[in-house]
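Tertiary structure, described
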Amino acid sequence: MGKRIRQMDAMAVEGLLKNYGFHLISQKGSHRKWRNDNRNLQVIVPMHRGRNLPIGTLRNILVQADIPDSDWKTEN
């Protein structure tokens, strides 16, 4: 079988983004904008403390950030 996306909250996603050279550039309400200037990438992370991000939202953020699957997927 394939790998599955593991559940993550916004804080875990932001930690992963920091590891890949992203920095926080702005926040509007509960949404934070992260940018990696070297790779010309930008993502928006919704901050809902205490809740995991929906799988589709999580996948879109990490694919847009060009983060390798091995860092956010797990074996079944």
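Preceding block: the structure.
I will try to describe carefully the structure that is included in this document. On a predicted model such as this, the values are computed, not experimentally measured, just so you know. (Residues numbered from 1 in each chain as written. Predicted model: local features only at pLDDT ≥ 70, side-chain atom pairs only at ≥ 80, totals over all residues. Heavy atoms only, no water.)

1. Here's the deal with the sheet that holds strand β4 (residues 41-46)
The strand order across the open sheet built from 3 strands is β2-β3-β4, with neighbouring strands paired in antiparallel fashion. With one partner strand each, in any of the chains shown, β2 (23-28) and β4 form the two edges of the open sheet. Within this sheet the neighbouring strands show an average axis-to-axis angle of 25°, counted without direction. Where helix α1 (residues 10-19) meets the sheet, it contacts β3 (31-36) and β4, and its direction lies at approximately 165° from that of β4. (Pairing = 2+ DSSP bridges. Helix = DSSP H or I, 4+ residues; strand = E, 2+ residues; numbered from the N terminus. Axes fitted to C-alpha atoms, helices over the stretch in contact; angles between N-to-C directions. Contact = heavy atoms within 4.5 Å.)

2. Examining α1
Taken as a whole, α1 has its buried residues at A10, V13, E14, L16 and L17. For α1, the buried positions fall inside an angular range of 160° around the axis, keeping them on one side. Of the exposed residues in α1, those oriented more than 90 degrees away from the buried face are K18 and N19. On the buried face of α1, the contacting elements are β3, β4 and α2 (55-64). In the stretch just after α1, G21 is the one whose phi turns positive, near 85°. (Buried < 20%, exposed > 50% of the residue type's maximum accessible area, 1.4 Å probe, protein only. Arc of directions from axis to C-beta.)

3. Quick word on the pattern of salt bridges
What the rule picks out here adds up to 2 salt bridges. The partner of E14 in a salt bridge is R32, and the shortest N-O contact between them spans 2.9 Å. With E14 in helix α1 and R32 in strand β3, this residue pair connects regions lying 18 residues apart in the sequence. On the accessibility criterion, R32 (17% relative accessible area) is buried. A salt bridge links D66 to R39; the shortest N-O distance between them is 2.8 Å. Here D66 is found in the loop between α2 and β5 (73-74), whereas its partner R39 is found in the loop between β3 and β4, with 27 residues between them in sequence. With relative accessibility at 51%, the residue D66 sits in the exposed group. (Salt bridge = Lys/Arg side-chain N within 4 Å of Asp/Glu carboxyl O.)

Read these as layout, nothing more, since geometry by itself doesn't imply function.
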